[in-house]
Amino acid sequence: MFKKILIANRGEIALRIIHACRELGIRTVAVFSTADRDSLHVTYADEEVCIGPPASTASYLNISSIISAAEITGADAIHPGYGFLAENAHFAEVIQECRMTWIGPSPRVIRLMGDKAKARETAMAAGVPVLPGSREPLADGAEAERVAAEVGYPVILKAAAGGGGRGMRIVGSPAEIAGQFGTASEEAERAFGDGSIYLEKYLTEPRHIEFQVFGDRHGSIVHLGERECSIQRRHQKLIEESPSPALTPELRAEMGEAAVELCRAVGYENAGTIEFLLDADRRFYFMEMNTRIQVEHPVTEMVTGVDLVKLQIRVAAGEPLGIKSGMKPRGHAIECRINAEHPVTFTPSPGPLKTFHLPGGPGTRVDTHGYEDYVIPPHYDSLVAKLIVHDRTRREAIARMSRALDFFVVEGIETSIPLHRRIVRDPDFLAGKLSTRFMERFLQPPAPPPPPPQKEDG
Ligand code: MV4
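**Q** Before we go on, may I ask you to explain the packing of aromatic side chains in this structure?
**A** Working definition: an aromatic ring pair is given by the centre-to-centre distance plus the angle between the planes. Under the criterion given, the structure shown has eight aromatic pairs. On the numbers, 5.3 Å between centres and 40° between planes, the contact of tyrosine 371 with tyrosine 374 is tilted. Look at tyrosine 374 and you get buried, because its relative accessible area is 4%. Members of the aromatic cluster, connected to one another through ring pairs, are Tyr60, Phe84 and Tyr380. Lying over the aromatic face of phenylalanine 346, arginine 233 brings its terminal NZ or CZ to 3.6 Å of the ring centre.

**Q** Where do I start with the pattern of salt bridges in this structure?
**A** A side chain with one charge may pair with a side chain of the opposite charge, provided their charged atoms come close. Across all of its chains, the model carries 34 salt bridges by this definition. One salt bridge in this structure joins arginine 292 and glutamate 87, with 2.2 Å as the shortest N-O distance. Of this pair, arginine 292 sits in the loop between β13 (284-290) and α10 (297-304) while glutamate 87 sits in the loop between β4 (77-79) and α4 (89-97), and the two are 205 residues apart along the sequence. Residue class for glutamate 87 comes out partly exposed when judged on its relative accessible area of 34%. Here arginine 441 ties to aspartate 426 by a salt bridge, and the two come within 3.2 Å at their closest N and O atoms. Of the two residues, arginine 441 is situated in helix α15 (residues 438-442) and aspartate 426 in the loop between α13 (417-423) and α14 (427-430); the sequence distance between them amounts to 15 residues. Judged by relative accessible area, arginine 441 falls into the partly exposed class, the value being 35%. Residue classification places aspartate 426 among the buried residues on the basis of a relative accessible area of 9%. By sharing partners, the salt bridges in this structure join Glu210, Arg227, Lys237, Glu240, Glu296 and Arg337 into a single network.

**Q** Would you mind going over unusual backbone geometry with me for this structure?
**A** For residues other than glycine, phi is negative in most cases, and the peptide bonds are mostly trans. In this model, tyrosine 153 is joined to proline 154 through a cis peptide bond whose omega is 0°. Structurally, proline 154 is set in the loop between α7 (141-151) and β6 (155-163). Following serine 242, the chain continues into proline 243 via a peptide bond in cis, with omega recorded as -5°. Structurally, proline 243 can be placed in the loop between β11 (236-242) and α9 (249-266). The phi torsion at phenylalanine 84 lies on the positive side, around 40°, for a residue other than glycine. For phenylalanine 84, the location among the structural elements is in the loop between β4 and α4. Even without being a glycine, arginine 234 presents a positive backbone phi close to 50°. Summarising the element assignment, arginine 234 is placed in the loop between β10 (221-233) and β11.

Criteria and thresholds
Residues take numbers from 1 onward in each chain, read along the sequence in its written order. Local features in this predicted model are restricted to residues of pLDDT 70 or higher, and side-chain atom pairs are both shown and tallied only at a pLDDT of 80 or more, whereas totals for entire chains, interfaces and linings draw on every residue. The basis for the side-chain values is all heavy atoms of the structure; hydrogens and waters are excluded. Aromatic pairs are defined between Phe, Tyr and Trp rings, using the six-membered ring for Trp, whenever the two ring centres lie within 6.5 Å; interplanar angles under 30 degrees are classed as stacked, those over 60 as edge-to-face, and all others as tilted. Throughout, exposure labels follow a simple rule: accessible area from a 1.4 Å probe, protein chains only, divided by the maximum for the residue type, with under 20% read as buried, over 50% as exposed, and the rest as partly exposed. Our definition puts a charge over a ring when NZ of Lys or CZ of Arg is within 6 Å of the ring centre and also within 35 degrees of the ring normal. A side-chain nitrogen of Lys or Arg and a carboxyl oxygen of Asp or Glu constitute a salt bridge if their distance falls within 4 Å. Helix numbering and strand numbering both begin at the N terminus, where a helix is a DSSP run of H or I of at least 4 residues and a strand a DSSP run of E of at least 2.

Below, the structure is given as C-alpha cells:
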C-alpha cells in the first residue's frame, strides 16, 4: 500500500480523498493556490505545498508544479479527484514516468475515451447499443447531409474532442445541416484544436442514466448500478439519485452488463462511469465514458455500502476488487448539489460564509469544504456542498431531503438551497417523471393569468 498520496485537487473532493487516506493509514499532501491558503484540504493534509497563483491554469492545472510538489514531499501516488487534470492522459503519463502511481485508468484508455467518436466506435465494436449515426468522424458537409438523411431528423452534431455538452449542435432539417457542420467543426478546431465532428440521431426527451464501473489489475470488472442524472441545467447536474426510478432489475442487469462489456473491451482499470441515454420506450444507448471518480459518487456509495475512493486507492495499489458485480441497491439515495449561486438567476455568489449550519440526523451526509467564516474564492467552480440522503424508499428519501434542506442554513452568500426546496416538491419530480428537459420546464415562467372578461357594451 502507498505511504503518501498527493491530492491534485481542492474543495470538497480533496477533503473526501483525505478522509479515505486517513482511514487507510496513508499520509497526505495537499497542493494549493494562493487563493486556497485557508482551505480545509490544506488544514487537514499532513503536508501542504503552494503551487501557484489563483488562476487554475497557473496552479491546479500546472503539471510541473504538481509533479515538483510530489517529488519534494516524496509522495508515491497522485489522486486527481474530478475536474482539473483528472482526465488528462499526458499528466497520467508524466506521473508514471516519474515512477509514481496514477490513481486512475491507463493513459491509453483515458486518451481513447477522451475521443468521443472513438469511444462510440469502441462501443459499437463491443456490441453496446449506440444511437444511429456516423461510424467515424464526418469528412464534410455532404457526408453530414447523407448520414442525417439516413438516420432521420433531428440529429445532433458532436465534437469528438468535446464531451459533457461542449461543442454540440442540434439540427432539425436538411437545409441547415451542411452549414451547421461547418461552424461546429470550425468551433471545435478553435476550442479543442481538433475539428472532428460525428453525428447521431437526436433524442428529444431522454433520461441521462450512468453506470458506475470499476476494474482492477487482475482483470476483474464490476458495475455498481446506476445514477439517474436527468436533472441538470446547462449540462451542470443539480440532483442525482440511485436507483433510477425508470429501471427494473432486468433492465439494470442488461445495461450493467453492457457497461462491463465496454470496460472489458478496453481493459479498464479503476473507477469509471458509462453514460447512457434512455428513451421513452426504455431503449438505452451509449453516450460517453468518464474516466474519473464523479461528483455524484456518494449516491452509489450510499446504496452499495462501498467506499469508492478507498477502492480507487486499493486497486491502484494492486489489490483485487473483492466485490461482486450488480449488487442489489439497498434503499434509495439522492444528492443535491449546493452551489454558491443565485437560486433564480444562477449568477455566481462567492464570498464569506457568515452562517453555515449543516443538517445531520439519520441517513444524512454532507460532503463540503465549507465552514463558518470561510470565504469562497471567485476563481473556481461554485460547488460548496453536496447534501446526500439515504432512506428505505424513494418517497422517504425525498422527505428526508426536504427536511435536510430546511435544516441547512447558509448566510453571507446566495445558494441553490431554495431552488432545491422547490424541486423536491414538484409533482413530476415526486412521480419520478424525469428527463433532460426537466429543468427547462421547471424554470419556465408561469403562464400569464387569463385576461379579465370584457364588459359588453351596447
Ligand atoms: C445527446 C442527447 C440526445 N440525443 N445525444 C449532453 C451532454 C453530452 N454528454 C451529450 N448530451 C446529449 N447528447 C443524442 N444523440 C441529449 C444530450 C443531453 C442534452 C442535450 C441538449 C440539452 C441538454 C441536455 C442534457 C442532457 C443530455
